[in-house]
Structures are given as C-alpha cells and as structure tokens.
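# Topology and contacts: notes
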Amino acid sequence: MTADYPPAIMLGSEYRHDMNVMHDQFDAVAVENVLIDPLAEKGEEKQHCFVAAERVDSTAKEAFDRVIAFIDNKTK
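All of the points below concern the structure found in this document.

Basis of the calculations
Residues numbered from 1 in each chain as written. Predicted model: local features only at pLDDT ≥ 70, side-chain atom pairs only at ≥ 80, totals over all residues. Heavy atoms only, no water. Helix = DSSP H or I, 4+ residues; strand = E, 2+ residues; numbered from the N terminus. Rg over C-alpha atoms; globule rule 2.2 N^0.38 Å. Contact = heavy atoms within 4.5 Å. Areas by Shrake-Rupley, 256 points an atom, 1.4 Å probe, with all protein chains shown as cover. Lys, Arg positive; Asp, Glu negative; His and termini not counted. Charge placed at Lys NZ, Arg CZ, Asp CG, Glu CD. Buried < 20%, exposed > 50% of the residue type's maximum accessible area, 1.4 Å probe, protein only. Expected span 1.5 Å × (residues − 1). Patch = residues over 30% accessible without salt bridge, like charges linked within 9 Å, V, L, I, M, F, W, Y side chains within 5 Å. Salt bridge = Lys/Arg side-chain N within 4 Å of Asp/Glu carboxyl O.

Time to look at the overall build of the chain. Secondary structure assignment for the chain yields three helices and two strands. Reading the helices (α) and strands (β) of the chain from amino to carboxyl end gives β-α-β-α-α. What you see for the chain is a C-alpha radius of gyration of 13 Å, in line with the 11 Å of a compact globule of 76 residues. Long-range pairs, those at least 24 residues apart, make up 56% of the contacts in the chain with a sequence separation of at least 6. Accessible surface, the chain: about 5,100 Å² in total, of which carbon and sulfur atoms supply 53%. Averaged over its 8 positive side-chain charges, the chain has a centre that lies 7 Å from the centre of its 15 negative ones.

This paragraph deals with the environment of R66. As for its position among the elements, R66 is in helix α3 (residues 58–74). R66 gets classed as partly exposed once you look at its relative accessible area, which sits at 29%. Sequence-wise, R66 and V34 are 32 residues apart; in three dimensions their C-alpha atoms are separated by 9.3 Å. Once residues within four sequence positions are removed from consideration, R66 is found in contact with I9, V34, L35, I36 and E41.

Now for helix α1 (residues 16–28). An α-helical segment advances 3.6 residues per turn. Residues three or four places apart therefore align on the same side. An ideal rise of 1.5 Å per residue puts 18 Å on 13 residues; α1 measures up with 18 Å between its terminal C-alpha atoms. Following α1 by one or two positions, A30 adopts a phi angle in the positive range, close to 60°.

A few words now on a nonpolar patch on the surface. Side chains of F64, I68 and I71 sit close together on the surface and give an oily, nonpolar patch of about 240 Å² of accessible area. Looking at where I71 falls in the secondary structure, it is placed in helix α3.

In structure tokens, the structure reads:
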C-alpha cells in the first residue's frame, strides 16, 4: 500500500480484524480512509453486508448514510 491508494471506506463487521489492519496501514501511508465498525462504536456485532438492513436497523442505516456521505464527498 502506498500514498497513491485512493480514499477508502471500510465496514468492519465479520471482517473487522482485517479492516482494522487495513485502516492502520492506510494511516501509516497517509491515505484518507474511514472505518465504520459497529462493534467498536456501539458494541454491536454485525454480519457481513449488514448495511443491507438499513431500512429496519438503525445502526445499519447510520452506516449506510456514512458510506453515501463519504462517496458523495468524493464526487464533488
């Protein structure tokens, strides 16, 4: 990974260990990145693709909105 890597957003769920490793590596090379980790942030374990439940789960809705805001910010 180098500083040339594009900005990244990661959802830590079942793969939160891997996402934390990537987050640390991005930080080490100064790549803009966001890690959304419901377990660390709210103490909630979520399954892979948990954001698909955004219509019925408030944590998923919040994560989904953060993903959209990140993407929207990058396309302006």
